[in-house]
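Report on the structure
As a plain string of letters, each chain reads:
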Amino acid sequence: MLAVSFISFAMFTYVGDPVAIMLGQDFTEAQRAALVAELGLDQPFFVQFLKFIGNAVQGEFGLSYRLSRPVAELIAERAPATLELALCAAVIAMAVGVPMGVYTGLYRHSILSRFFLTFSLIGVSLPTFLIGILLILIFAVALGWLPSFGRGDVVRLGWWTTGFLTVSGLKALILPAITLGVFQLTLIMRLVRAEMMEVLRTDYIKFARARGLSNRAINFGHALKNTLVPVITIAGLQLGAIIAFAIVTETVFQWPGMGLLFIQSVGAADVPVMAAYLMLIALVFVTINLIVDLLYYAVDPRLRIGKGAH
Amino acid sequence: MTAPLLEVRNLRVEFHTRRGTLTALNDVSLTIAPGEVLGMVGESGAGKSMTGAAIIGLIEPPGRIAAGQVLLDGRRIDNLRYDQMRQVRGRQIGAIFQDPLTTLNPLYTVGRQLVETITTHLPLNPAQARKRAIEWLEMVGIPAAAQRIDSYPHEFSGGMRQRVVIALALCAEPRLIVADEPTTALDVSIQAQVIALLKRLAREKGTAMLLVTHDMGVIAETADRVAVMYAGRIAEIGPVRDIVKAPNHPYTAGLMASIPPLDRRVDKLAAIEGSMPRLSAIPPGCAYNPRCPRVFDRCVRERPDLLDAGTTRAACWLHAHG
């Protein structure tokens, strides 16, 4: 976290000149100096950094240069949109990817498996923005079923705004969620498939067959559970990636989330927003990794120590 | 002679590979009577484990049964559909594998694995099955079985795990056990205990057993009869006493001579010259002819079937009469 904060802060301190953008075309040297002093940009780099860290720990990321509003407020306003989108994409990826992976792992040579594999190849190799644009072209432009941009109507629950509760909100969610989820879906499917094929060759699966257990118990109990550890790892990392790389999808669909905010801030060299965004993403990754490690513990009894003798 | 429990007739197992068809088992026939222990010995790759896998119907692709039959109680089981065969496995024929470290699912407690096996095959509810599982763990000599039942496999030692595997193989009370090198992966000090346990349980329950091993000592101690495998065929089959004391096939004789005697010092261990041919390069005639000290011209031309040789049957032209 500290490393990320340092890198992001350092990077953005030296990219672009927000002062020039804030002042517009005509400005005097005096005006410039006054603004620089006001923003604290005249101080040495490490002083700026320490101030930044000190404030960040308290959830205070300063004012956006571009919008002149507190960064924390901006992010809190945008976060629900991104989180809902990421959640839907992750659910789609898991709910479709795992069964497809199990199926292709079990019936390696069936026609449907080959179809899935071809599909996954396309999903892996097509860039996200292209998938998004294609989906817009088909479902929004040609068929006119779903909206091509925005979030639809949202309902306010405290500080959280949700698109889950209105029809237009849900409809607006479908295309971006699919776009964001497709890559993860194919990744998870290929991973589950590889793991299934690996596990099905093991002695304990053979032994389970020799004990006459049903196919269902073997495939979905013994085999699937043993594939879960690597799948959880990847799925966890991918959830982080979904949130972080929602930038592209959000740009394509003009989704009012954090990614779009970030892109707009980059355009304006709005350092506080960019730094805060990167910090938040780092926080998300660290948190997810922690959760993943805790899940290992739940899935794999070999990691639970201090119980029983060896 | 009582009707055999298991009969294997002219079994042939082939592997289709890119370089042609390999015959892993060729014309293997044997019977096992109820309660009988048939030992099976041979070098690595002779087809011992393959015979066991063919009987429980778990030959891995690309291998397949190309010819022959496997009969249990006179009923063919080699051509059953998967879900029919499933009711035979575990319930009629139990299996024990070589390495207890890998045959148990690491993510389930031993109790859960026992209970699921028991409830799959026997009409018991989960509570009864759990009680039965604890009884089985006690029977295979797991101390404090009632507490240990909720342990995971990694919490047991190798020998204890193999006891759990034995409990799993026997818990649905099958009538035949296929034990594929059940002690090979264990410490020498544990091997004797596990063999003694298997032998005792098989006798108590009247379970027949196909005991695959390359350890002649284990066979001599445990088996009633023994089949000696060589290059995918049975070289000799007969009562264990006769095979050990008076082998009729030169290969069996060589195998017995290679066991070092305990009662006197030997300077040089006896060994059979050469090695078993690869499956892709089995010589014409008797497969053993390149290594056989008593080879003569017929051995190179014609392949011998099992011939009566006193108390045993041996695939050797030395026993051709007339």
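Note that this is a predicted model, so its numbers are computed, not measured.

1. Some remarks on the pairing of strand β7 (residues 176-180) of chain B
All names here are of chain B. In terms of burial, β7 is a largely internal element, five of the five residues being buried. Along β7, one buried face is formed by Leu176, Val178 and Asp180 and the opposite face, lined by Ile177 and Ala179, is buried too. In terms of strand pairing, strand β6 (residues 93-96) meets β7 through four bridges, oriented parallel. Considered in β7, the bridge of Ile93 is made with Leu176. In terms of strand pairing, β7 meets strand β8 (residues 208-212) through five bridges, oriented parallel. The residue bridging Leu176 from the neighbouring strand is Ala208, located in β8.

2. Focus: helix α11 (residues 250-257) of chain B
Across the eight residues that make up α11 of chain B, a large majority, six, are buried. Those residues of α11 of chain B hidden inside the fold are in contact with β3 (37-41), α9 (216-222), β9 (225-230), β10 (233-239) and α10 (240-245) of chain B.

3. Things to note about the confidence of the model for chain A
All names here are of chain A. Looking at chain A as a whole, its pLDDT mean stands at 77, while 78% of the residues score no less than 70. Highest mean pLDDT in chain A belongs to helix α9 (residues 203-210) (86); lowest belongs to helix α2 (residues 18-23) (58). Across residues 306-310, where pLDDT falls below 50, the model places seven contacts with residues more than four positions away in sequence or in other chains.

4. Section: the interface of chain A and chain B
Taken together, the contact between chain A and chain B spans 25 residues of the former and 28 residues of the latter. In total, about 2,600 Å² of surface goes out of reach between chain A and chain B, with carbon and sulfur atoms giving 57% of it. Linking chain A with chain B are one salt bridge, by the criterion used here. For Glu116 of chain B, the salt bridge is made with Arg211 of chain A, and the minimal N-O distance between the two is 3.6 Å.

5. Remarks on the nonpolar core
Among the nonpolar cores identified, the biggest contains 100 residues, and Leu6, Leu30, Ile55, Ile93 and Ile166 of chain B are the most heavily contacted of them. When residues of this core are assigned to their parent elements, the largest contribution, seven residues, is made by helix α7 (residues 158-170) of chain B. If you count residues domain by domain, this core takes at least three from each of domain 1 (6-223) and domain 2 (233-260 + 270-322) of chain B. The contact partners of Ile166 of chain B, leaving out residues within four places of it in the chain, are Ile96, Val140, Val194, Leu197, Leu198 and Leu201 of chain B. Ala81, Leu180, Leu261 and Ile281 of chain A belong to the second-largest nonpolar core, a separate cluster that totals 35 residues.

6. What about the packing of aromatic side chains?
Applying the stated criterion across every chain, the model contains eight aromatic pairs over all chains. Here Tyr103 of chain A and Tyr107 of chain A contribute two aromatic rings whose centre-to-centre distance is 5.1 Å and whose plane-to-plane angle is 45 degrees, an arrangement assigned as tilted. On the basis of an interplanar angle of 85 degrees and a centroid distance of 5.2 Å, the ring pair of Tyr230 of chain B and Tyr288 of chain B is categorised as edge-to-face. You can see Tyr230 of chain B sitting in strand β9 and its partner Tyr288 of chain B sitting in the loop between α11 and α12 (297-301), a full 58 residues away along the chain. Of the two residues, Tyr230 of chain B and Tyr288 of chain B, both sit in the buried class. In this structure an aromatic cluster arises from ring pairing among Tyr103, Tyr107, Phe115 and Phe116 of chain A. For the cation-ring pair, Arg112 of chain B lies above Tyr108 of chain B, with the distance from its terminal atom to the ring centre recorded as 3.8 Å. Note that Arg148 of chain B overlies the ring of Phe156 of chain B, its terminal NZ or CZ placed 4.2 Å from the centroid.

7. Thoughts on the side chain of Thr117 of chain B
Here Thr117 of chain B lies in helix α4 (residues 110-121). Of note is the side chain of Thr117 of chain B, whose polar atom sits 2.6 Å from the side chain of Arg211 of chain A. Not counting residues up to four positions away in its chain, the partners in contact with Thr117 of chain B are Arg211 and Leu213 of chain A together with Leu168 and Cys171 of chain B.

8. Structural notes on the packing of helix α5 (residues 71-106) of chain A against helix α10 (residues 215-244) of chain A
Residue and element names in this part refer to chain A. At a closest axis distance of 10 Å, the pairing of α5 and α10 adopts a crossing angle of 150 degrees. Along this stretch, α5 crosses α10, giving a crossing that reads as right-handed. Where α5 abuts α10, its residues Thr82, Leu83, Ala86, Ala89, Ala90, Met94, Val98, Val102 and Leu106 lie against Asn219, Phe220, Leu224, Ala235, Leu239, Ile242 and Ile243. The class makeup of the residues in the contact of α5 with α10 is 14 nonpolar, two polar and no charged.

9. Here we look at the packing of α5 of chain A against helix α13 (residues 271-299) of chain A
Residues and elements named next belong to chain A. For the pair α5 and α13, interaxial distance at closest approach is 10 Å and the crossing angle is 55 degrees. By the criterion of interaxial angle, the relationship of α5 to α13 is oblique. Here α5 and α13 pass one another in a crossing that is right-handed. Each of Val71, Leu74 and Ile75 in α5 lies in contact with α13, whose residues at this interface are Pro272, Val273, Ala276, Tyr277 and Leu280. Looking at the contact of α5 with α13 residue by residue, the classes come out as eight nonpolar, no polar and no charged.

10. Remarks on unusual backbone geometry
Residues and elements named next belong to chain B. Even without being a glycine, Asp73 presents a positive backbone phi close to 55 degrees. Along the polypeptide, Asp73 turns up in the loop between β4 (63-72) and β5 (75-76). Judged by relative accessible area, Asp73 falls into the partly exposed class, the value being 45%. The phi torsion at Ala144 lies on the positive side, around 50 degrees, for a residue other than glycine. Within the secondary structure layout, Ala144 lies in the loop between α5 (126-139) and α6 (145-148).

Reading the values: rules and limits
- Residues numbered from 1 in each chain as written.
- Chains lettered and ligands numbered in written order.
- Predicted model: local features only at pLDDT ≥ 70, side-chain atom pairs only at ≥ 80, totals over all residues.
- Heavy atoms only, no water.
- Buried < 20%, exposed > 50% of the residue type's maximum accessible area, 1.4 Å probe, protein only.
- Helix = DSSP H or I, 4+ residues; strand = E, 2+ residues; numbered from the N terminus.
- Pairing = 2+ DSSP bridges.
- Contact = heavy atoms within 4.5 Å.
- pLDDT = per-residue confidence, 0-100.
- Buried area = accessible area lost by both parts, 1.4 Å probe.
- Salt bridge = Lys/Arg side-chain N within 4 Å of Asp/Glu carboxyl O.
- Core = buried A, V, L, I, M, F, W, Y, C linked by side-chain atoms within 4.5 Å.
- Domains from an automatic or database assignment.
- Phe/Tyr/Trp six-rings, centres within 6.5 Å; stacked < 30°, edge-to-face > 60°.
- Lys NZ or Arg CZ within 6 Å of the ring centre and 35° of its normal.
- Polar contact = N/O pair within 3.5 Å; in protein donor to acceptor, adjacent residues only side chain to side chain.
- Axes fitted to C-alpha atoms, helices over the stretch in contact; angles between N-to-C directions.
- Left-handed = near helix turned anticlockwise from the far one by under 90°.
- Nonpolar A, V, L, I, M, F, W, Y, C, P; charged D, E, K, R; others polar.
- Parallel < 35°, antiparallel > 145°, perpendicular 65-115°, else oblique.

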